[in-house]
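# Overview (structure and organization)
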Amino acid sequence: MQTFSPVLIGSGGFWMPPQASTFAPNTDALFHFILWLCAIFFAGLMGATAYFGWKYKKRSDADRTSPIRGNHKLEIVWSVIPGLLLLVIFGWGFAGYREMIVAPPNAINMHITGQKWSWTMTYPNGGEDGNRLVVPINEPVKLTMSSIDVIHSFFVPAFRVKRDVIPNRYTTIWFQATELGSYPIYCTEYCGDRHSEMIGHVDVVTREEYETYLRGLAGCSEGDDLVACGERQFQRLGCGACHSVVPGQRIVGPSLAQVFGHEVSLTDGTTLTADEDYLRQSIMDPNSQIVEGFAPQMPTFAGRLDGVNLAAVIEYIKSLQ
Ligand code: CUA
(Lines give C-alpha, C1' and ligand atoms only; values in the text may rest on other atoms or scores of the structure.)
Protein backbone atom coordinates (compact mmCIF):
# COMPACT_ATOMS: atom_id res chain seq x y z
CA MET A 1 0.00 0.00 0.00
CA GLN A 2 1.33 3.45 -0.88
CA THR A 3 1.82 5.89 1.93
CA PHE A 4 0.54 9.35 1.35
CA SER A 5 2.96 12.16 2.02
CA PRO A 6 1.28 15.54 2.16
CA VAL A 7 3.14 18.18 0.20
CA LEU A 8 3.35 21.59 1.82
CA ILE A 9 3.79 24.98 0.20
CA GLY A 10 4.99 24.70 -3.37
CA SER A 11 2.72 22.43 -5.33
CA GLY A 12 -0.72 22.47 -3.80
CA GLY A 13 -0.02 25.08 -1.19
CA PHE A 14 -0.29 24.86 2.54
CA TRP A 15 -2.45 21.91 3.75
CA MET A 16 -3.34 20.88 0.24
CA PRO A 17 -2.45 17.62 -1.53
CA PRO A 18 -0.16 17.87 -4.58
CA GLN A 19 -1.72 19.29 -7.71
CA ALA A 20 -1.58 16.43 -10.18
CA SER A 21 -4.40 17.10 -12.64
CA THR A 22 -5.57 19.90 -14.90
CA PHE A 23 -8.46 20.54 -12.48
CA ALA A 24 -6.28 21.13 -9.44
CA PRO A 25 -5.07 24.73 -9.98
CA ASN A 26 -8.55 26.17 -10.60
CA THR A 27 -10.16 24.16 -7.79
CA ASP A 28 -7.51 25.36 -5.36
CA ALA A 29 -7.74 28.95 -6.58
CA LEU A 30 -11.48 28.99 -5.91
CA PHE A 31 -10.97 27.31 -2.53
CA HIS A 32 -8.38 29.91 -1.53
CA PHE A 33 -10.55 32.74 -2.82
CA ILE A 34 -13.43 31.63 -0.59
CA LEU A 35 -11.11 30.94 2.34
CA TRP A 36 -9.47 34.39 2.22
CA LEU A 37 -12.76 36.13 1.56
CA CYS A 38 -14.14 34.53 4.73
CA ALA A 39 -10.96 35.36 6.64
CA ILE A 40 -11.12 39.03 5.63
CA PHE A 41 -14.81 39.33 6.48
CA PHE A 42 -14.31 37.49 9.75
CA ALA A 43 -11.47 39.79 10.81
CA GLY A 44 -13.43 42.87 9.71
CA LEU A 45 -16.61 41.86 11.53
CA MET A 46 -14.90 40.83 14.74
CA GLY A 47 -12.72 43.96 14.66
CA ALA A 48 -15.74 46.21 14.14
CA THR A 49 -17.67 44.45 16.92
CA ALA A 50 -14.83 44.91 19.38
CA TYR A 51 -14.22 48.49 18.32
CA PHE A 52 -17.90 49.50 18.60
CA GLY A 53 -18.20 47.67 21.90
CA TRP A 54 -15.42 49.77 23.27
CA LYS A 55 -16.34 53.05 21.57
CA TYR A 56 -20.05 53.04 22.46
CA LYS A 57 -19.78 51.54 25.90
CA LYS A 58 -22.40 53.26 28.12
CA ARG A 59 -20.47 54.94 30.90
CA SER A 60 -23.42 56.90 32.33
CA ASP A 61 -27.00 57.71 31.33
CA ALA A 62 -25.82 61.00 29.90
CA ASP A 63 -23.56 58.94 27.67
CA ARG A 64 -26.45 57.17 25.92
CA THR A 65 -26.59 57.78 22.16
CA SER A 66 -29.88 58.14 20.31
CA PRO A 67 -30.97 54.85 18.67
CA ILE A 68 -30.53 54.46 14.91
CA ARG A 69 -33.81 53.58 13.14
CA GLY A 70 -32.36 52.49 9.82
CA ASN A 71 -29.90 53.46 7.13
CA HIS A 72 -30.78 52.75 3.52
CA LYS A 73 -27.35 53.49 2.14
CA LEU A 74 -25.72 51.09 4.59
CA GLU A 75 -28.28 48.36 3.96
CA ILE A 76 -27.79 48.58 0.20
CA VAL A 77 -24.02 48.40 0.62
CA TRP A 78 -24.10 45.32 2.85
CA SER A 79 -26.61 43.55 0.59
CA VAL A 80 -25.13 44.37 -2.80
CA ILE A 81 -21.47 43.69 -2.03
CA PRO A 82 -21.97 40.17 -0.58
CA GLY A 83 -24.52 39.49 -3.35
CA LEU A 84 -21.94 40.29 -6.01
CA LEU A 85 -19.33 38.18 -4.23
CA LEU A 86 -21.79 35.26 -4.12
CA LEU A 87 -22.39 35.61 -7.86
CA VAL A 88 -18.64 35.49 -8.47
CA ILE A 89 -18.35 32.30 -6.37
CA PHE A 90 -21.33 30.72 -8.13
CA GLY A 91 -20.10 31.59 -11.64
CA TRP A 92 -16.57 30.40 -10.91
CA GLY A 93 -17.76 27.17 -9.28
CA PHE A 94 -20.29 26.42 -11.99
CA ALA A 95 -17.75 26.94 -14.78
CA GLY A 96 -15.37 24.51 -13.05
CA TYR A 97 -18.16 22.00 -12.42
CA ARG A 98 -19.23 22.06 -16.06
CA GLU A 99 -15.70 21.37 -17.17
CA MET A 100 -15.39 18.45 -14.75
CA ILE A 101 -18.69 16.84 -15.71
CA VAL A 102 -18.23 16.66 -19.49
CA ALA A 103 -15.32 14.46 -20.60
CA PRO A 104 -13.58 15.36 -23.86
CA PRO A 105 -14.52 12.98 -26.71
CA ASN A 106 -10.97 11.65 -27.05
CA ALA A 107 -10.79 10.48 -23.42
CA ILE A 108 -9.60 6.94 -22.67
CA ASN A 109 -12.54 4.96 -21.24
CA MET A 110 -12.01 2.91 -18.11
CA HIS A 111 -14.50 1.27 -15.79
CA ILE A 112 -14.30 1.28 -12.01
CA THR A 113 -16.26 -1.20 -9.93
CA GLY A 114 -16.62 -0.63 -6.23
CA GLN A 115 -17.36 -3.47 -3.85
CA LYS A 116 -16.89 -4.13 -0.17
CA TRP A 117 -13.92 -3.36 0.21
CA SER A 118 -11.90 -2.92 -2.90
CA TRP A 119 -11.83 -1.25 -6.28
CA THR A 120 -11.64 -3.12 -9.58
CA MET A 121 -10.32 -1.21 -12.57
CA THR A 122 -11.26 -2.42 -16.05
CA TYR A 123 -9.14 -1.15 -18.93
CA PRO A 124 -9.98 -0.57 -22.59
CA ASN A 125 -8.42 -3.93 -23.54
CA GLY A 126 -10.62 -5.81 -21.04
CA GLY A 127 -7.76 -6.27 -18.56
CA GLU A 128 -8.61 -5.87 -14.88
CA ASP A 129 -6.65 -4.87 -11.84
CA GLY A 130 -7.52 -4.44 -8.18
CA ASN A 131 -6.99 -1.22 -6.22
CA ARG A 132 -4.51 0.08 -8.77
CA LEU A 133 -5.38 2.49 -11.55
CA VAL A 134 -2.67 3.12 -14.13
CA VAL A 135 -3.12 6.11 -16.42
CA PRO A 136 -0.90 7.81 -18.98
CA ILE A 137 0.24 11.35 -18.23
CA ASN A 138 -1.28 14.32 -20.10
CA GLU A 139 -4.15 12.34 -21.60
CA PRO A 140 -7.81 12.68 -20.63
CA VAL A 141 -9.21 9.60 -18.89
CA LYS A 142 -12.91 9.02 -18.33
CA LEU A 143 -14.05 6.70 -15.55
CA THR A 144 -17.45 5.04 -15.71
CA MET A 145 -18.20 3.73 -12.25
CA SER A 146 -20.67 1.48 -10.54
CA SER A 147 -20.94 -0.58 -7.39
CA ILE A 148 -21.95 -4.20 -7.02
CA ASP A 149 -23.17 -3.77 -3.45
CA VAL A 150 -23.54 -0.57 -1.43
CA ILE A 151 -22.75 3.07 -2.14
CA HIS A 152 -19.05 3.92 -2.25
CA SER A 153 -17.35 7.11 -3.31
CA PHE A 154 -14.26 7.42 -5.48
CA PHE A 155 -11.92 10.20 -4.40
CA VAL A 156 -8.47 11.14 -5.69
CA PRO A 157 -7.41 14.19 -3.66
CA ALA A 158 -4.41 14.96 -5.87
CA PHE A 159 -6.70 15.21 -8.91
CA ARG A 160 -9.47 17.05 -7.02
CA VAL A 161 -12.07 14.60 -8.34
CA LYS A 162 -14.66 12.77 -6.26
CA ARG A 163 -17.92 11.08 -7.16
CA ASP A 164 -20.28 8.59 -5.57
CA VAL A 165 -20.18 5.03 -6.91
CA ILE A 166 -23.69 3.63 -6.83
CA PRO A 167 -25.28 0.21 -7.40
CA ASN A 168 -27.46 -0.22 -10.51
CA ARG A 169 -26.37 3.06 -12.01
CA TYR A 170 -23.32 4.50 -13.74
CA THR A 171 -21.65 7.68 -12.61
CA THR A 172 -18.73 9.21 -14.48
CA ILE A 173 -15.80 11.48 -13.85
CA TRP A 174 -12.82 12.42 -15.94
CA PHE A 175 -9.43 13.95 -15.34
CA GLN A 176 -6.13 14.59 -17.04
CA ALA A 177 -3.09 13.84 -14.92
CA THR A 178 -0.22 16.30 -15.17
CA GLU A 179 2.42 14.88 -12.83
CA LEU A 180 4.08 11.46 -12.85
CA GLY A 181 3.76 9.63 -9.55
CA SER A 182 1.52 7.58 -7.34
CA TYR A 183 -1.51 9.12 -5.63
CA PRO A 184 -3.97 7.61 -3.15
CA ILE A 185 -7.59 6.75 -3.94
CA TYR A 186 -9.98 6.88 -0.99
CA CYS A 187 -13.50 5.64 -0.51
CA THR A 188 -15.37 8.56 1.00
CA GLU A 189 -18.75 6.99 1.63
CA TYR A 190 -19.11 4.85 4.73
CA CYS A 191 -19.61 1.33 3.37
CA GLY A 192 -19.14 -1.07 6.27
CA ASP A 193 -16.51 -2.62 8.54
CA ARG A 194 -13.48 -1.98 6.39
CA HIS A 195 -14.49 1.25 4.70
CA SER A 196 -11.38 2.99 5.99
CA GLU A 197 -9.19 0.36 4.35
CA MET A 198 -10.83 0.65 0.95
CA ILE A 199 -7.77 2.39 -0.39
CA GLY A 200 -6.19 2.20 -3.81
CA HIS A 201 -3.75 4.25 -5.77
CA VAL A 202 -3.43 5.86 -9.16
CA ASP A 203 -0.11 5.51 -10.94
CA VAL A 204 0.51 8.22 -13.49
CA VAL A 205 3.01 6.85 -15.99
CA THR A 206 4.31 7.58 -19.49
CA ARG A 207 2.40 6.36 -22.57
CA GLU A 208 4.97 3.55 -23.13
CA GLU A 209 4.75 2.32 -19.54
CA TYR A 210 0.96 2.41 -19.76
CA GLU A 211 0.95 0.22 -22.86
CA THR A 212 3.40 -2.25 -21.32
CA TYR A 213 1.20 -2.43 -18.22
CA LEU A 214 -1.94 -3.10 -20.29
CA ARG A 215 -0.23 -5.99 -22.12
CA GLY A 216 0.68 -7.58 -18.78
CA LEU A 217 -2.89 -7.49 -17.48
CA ALA A 218 -4.34 -10.25 -19.57
CA GLY A 219 -5.49 -13.42 -17.79
CA CYS A 220 -3.56 -16.68 -17.67
CA SER A 221 -2.19 -17.76 -21.01
CA GLU A 222 -0.46 -20.82 -22.40
CA GLY A 223 2.77 -21.66 -20.65
CA ASP A 224 1.78 -19.66 -17.56
CA ASP A 225 2.36 -21.23 -14.17
CA LEU A 226 -1.17 -21.75 -12.83
CA VAL A 227 -0.33 -21.02 -9.19
CA ALA A 228 1.54 -17.81 -10.06
CA CYS A 229 -1.24 -16.72 -12.38
CA GLY A 230 -3.83 -17.55 -9.70
CA GLU A 231 -1.96 -15.34 -7.26
CA ARG A 232 -2.06 -12.51 -9.82
CA GLN A 233 -5.84 -12.91 -10.17
CA PHE A 234 -6.17 -13.01 -6.39
CA GLN A 235 -4.42 -9.62 -6.18
CA ARG A 236 -6.24 -8.20 -9.16
CA LEU A 237 -9.69 -9.09 -7.81
CA GLY A 238 -8.86 -7.73 -4.36
CA CYS A 239 -9.58 -11.06 -2.61
CA GLY A 240 -6.94 -10.20 -0.01
CA ALA A 241 -9.13 -7.39 1.34
CA CYS A 242 -11.21 -10.05 3.10
CA HIS A 243 -9.16 -13.26 3.00
CA SER A 244 -5.78 -13.64 4.64
CA VAL A 245 -3.29 -16.17 3.31
CA VAL A 246 -1.80 -16.56 6.79
CA PRO A 247 -3.15 -19.72 8.46
CA GLY A 248 -5.97 -18.98 10.90
CA GLN A 249 -5.85 -15.21 10.45
CA ARG A 250 -9.35 -13.84 10.32
CA ILE A 251 -10.13 -10.66 8.36
CA VAL A 252 -13.73 -10.44 7.18
CA GLY A 253 -13.78 -13.92 5.73
CA PRO A 254 -11.81 -16.97 6.80
CA SER A 255 -8.13 -17.38 5.98
CA LEU A 256 -7.54 -19.36 2.79
CA ALA A 257 -4.38 -21.01 4.02
CA GLN A 258 -4.66 -24.66 5.12
CA VAL A 259 -8.21 -24.91 3.87
CA PHE A 260 -7.85 -27.28 0.94
CA GLY A 261 -8.00 -30.89 2.10
CA HIS A 262 -9.03 -29.84 5.60
CA GLU A 263 -12.33 -30.17 7.42
CA VAL A 264 -14.67 -27.18 7.23
CA SER A 265 -17.68 -26.63 9.50
CA LEU A 266 -20.57 -24.71 7.99
CA THR A 267 -23.23 -22.62 9.71
CA ASP A 268 -25.91 -25.15 8.76
CA GLY A 269 -24.18 -27.68 11.01
CA THR A 270 -22.63 -29.82 8.29
CA THR A 271 -18.95 -30.60 8.04
CA LEU A 272 -17.14 -31.31 4.81
CA THR A 273 -13.65 -31.73 3.47
CA ALA A 274 -12.64 -28.81 1.29
CA ASP A 275 -12.00 -30.03 -2.25
CA GLU A 276 -11.87 -28.26 -5.62
CA ASP A 277 -15.64 -28.35 -5.90
CA TYR A 278 -16.05 -26.68 -2.52
CA LEU A 279 -13.60 -23.91 -3.49
CA ARG A 280 -15.29 -23.41 -6.84
CA GLN A 281 -18.73 -23.13 -5.29
CA SER A 282 -17.45 -20.74 -2.62
CA ILE A 283 -16.26 -18.40 -5.38
CA MET A 284 -19.28 -18.71 -7.67
CA ASP A 285 -22.07 -18.92 -5.09
CA PRO A 286 -20.42 -17.84 -1.82
CA ASN A 287 -23.56 -17.61 0.27
CA SER A 288 -24.61 -21.20 -0.37
CA GLN A 289 -22.07 -22.46 2.16
CA ILE A 290 -21.01 -20.15 4.96
CA VAL A 291 -18.19 -21.18 7.24
CA GLU A 292 -19.21 -21.40 10.87
CA GLY A 293 -18.66 -18.10 12.69
CA PHE A 294 -18.77 -15.92 9.58
CA ALA A 295 -21.47 -13.78 8.00
CA PRO A 296 -22.69 -14.11 4.39
CA GLN A 297 -20.88 -11.04 3.06
CA MET A 298 -19.01 -12.16 -0.04
CA PRO A 299 -20.17 -11.13 -3.53
CA THR A 300 -20.23 -13.74 -6.26
CA PHE A 301 -17.41 -13.82 -8.77
CA ALA A 302 -19.53 -15.55 -11.40
CA GLY A 303 -19.01 -13.69 -14.66
CA ARG A 304 -15.78 -12.14 -13.44
CA LEU A 305 -13.72 -15.28 -13.11
CA ASP A 306 -14.06 -18.31 -15.34
CA GLY A 307 -12.23 -20.98 -17.33
CA VAL A 308 -8.52 -21.13 -16.83
CA ASN A 309 -8.51 -18.04 -14.58
CA LEU A 310 -10.88 -19.71 -12.13
CA ALA A 311 -8.82 -22.90 -12.23
CA ALA A 312 -5.72 -20.82 -11.50
CA VAL A 313 -7.24 -19.21 -8.40
CA ILE A 314 -8.26 -22.64 -7.12
CA GLU A 315 -4.72 -23.94 -7.73
CA TYR A 316 -3.34 -20.93 -5.87
CA ILE A 317 -5.60 -21.58 -2.86
CA LYS A 318 -4.57 -25.26 -2.96
CA SER A 319 -0.94 -24.17 -2.81
CA LEU A 320 -1.50 -22.26 0.44
CA GLN A 321 -0.66 -25.10 2.80
CU1 CUA B 1 -16.38 1.84 0.05
CU2 CUA B 1 -16.37 3.22 1.96
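A brief look at the structure comes next. Because the structure is predicted, anything quoted here is derived from the model rather than measured. (Residues numbered from 1 in each chain as written. Predicted model: local features only at pLDDT ≥ 70, side-chain atom pairs only at ≥ 80, totals over all residues. Heavy atoms only, no water.)

## A word on the nonpolar core
We count it as follows: To form a nonpolar core, buried Ala, Val, Leu, Ile, Met, Phe, Trp, Tyr and Cys residues must be joined to one another through side-chain atoms within 4.5 Å. The rule is simple: take the accessible area with a 1.4 Å probe, protein chains only, and divide by the maximum for that residue type; under 20% is buried, over 50% is exposed, in between is partly exposed. What makes two residues a contact is simply this: any of their non-hydrogen atoms within 4.5 Å.
Grouped together as the largest cluster of nonpolar side chains are 39 residues, with contacts concentrated most on Tyr 123, Leu 133, Leu 143, Phe 154 and Phe 159. Leaving out residues up to four positions away in the same chain, Leu 133 has contacts with Met 110, Ile 112, Met 121, Tyr 123, Leu 143, Phe 154, Phe 175, Ile 185, His 201, Val 202 and Asp 203. Of all hydrophobic cores here, the second largest spans 24 residues; its members include Leu 256, Val 264, Tyr 278 and Tyr 316.

## What to know about a nonpolar patch on the surface
The following threshold applies: Here the term patch refers to residues with relative accessible area over 30% and no salt bridge, with like charges joined within 9 Å and nonpolar side chains (Val, Leu, Ile, Met, Phe, Trp, Tyr) within 5 Å. Surface accessibility follows the Shrake-Rupley procedure with a 1.4 Å probe radius. Residue values consider only the protein chains on display as shielding. Salt-bridge detection follows one rule: a side-chain nitrogen of Lys or Arg within 4 Å of a carboxyl oxygen of Asp or Glu. Per the convention used, a helix needs a DSSP run of H or I reaching at least four residues, while a strand needs a run of E reaching at least two, with both numbered from the N terminus.
The grouping of Phe 31, Leu 35, Trp 36, Ile 40, Phe 41, Phe 42, Leu 45, Met 46, Val 77 and Ile 81 at the surface amounts to a nonpolar patch, some 1,000 Å² of accessible area in total. Listing elements by their share of the nonpolar patch, those giving two or more residues are helix H1 (24–55) and helix H2 (72–101). Inspection of the secondary structure assignment puts Ile 40 in helix H1.

## Quick notes on the sheet that holds strand S3 (residues 128–130)
Heads up, the condition is: Only when DSSP finds a minimum of two bridges between them are two strands counted as paired. A fitted line through C-alpha atoms represents every axis, and for helices the fit uses only the stretch in contact; the resulting angles, taken between N-to-C directions, go from 0 to 180 degrees.
The strand order S3-S2-S1-S5-S8 describes an open sheet built from five strands, whose pairing is mixed. The outermost strands of the open sheet, each flanked by one partner alone, are S3 and strand S8 (171–176). With strand direction ignored, the average angle separating the axes of adjacent strands in the sheet is 25 degrees. Judged from the five bridges that link them, strand S1 (residues 108–115) and strand S2 (residues 118–122) form a sheet pairing that is antiparallel. The partner of Gly 114 across the bridge, within S2, is Trp 119.

## Quick look at the pairing of strand S9 (residues 181–187)
One ladder, built from two bridges, connects strand S6 (residues 152–156) with S9; its direction is antiparallel. Looking across to S9, one finds that Phe 155 is bridged to Tyr 186. As paired strands, S9 and strand S10 (residues 199–205) are joined by six bridges and run antiparallel to one another. Residue Tyr 183 lies in a different strand from S10, and its bridge partner there is Val 202.

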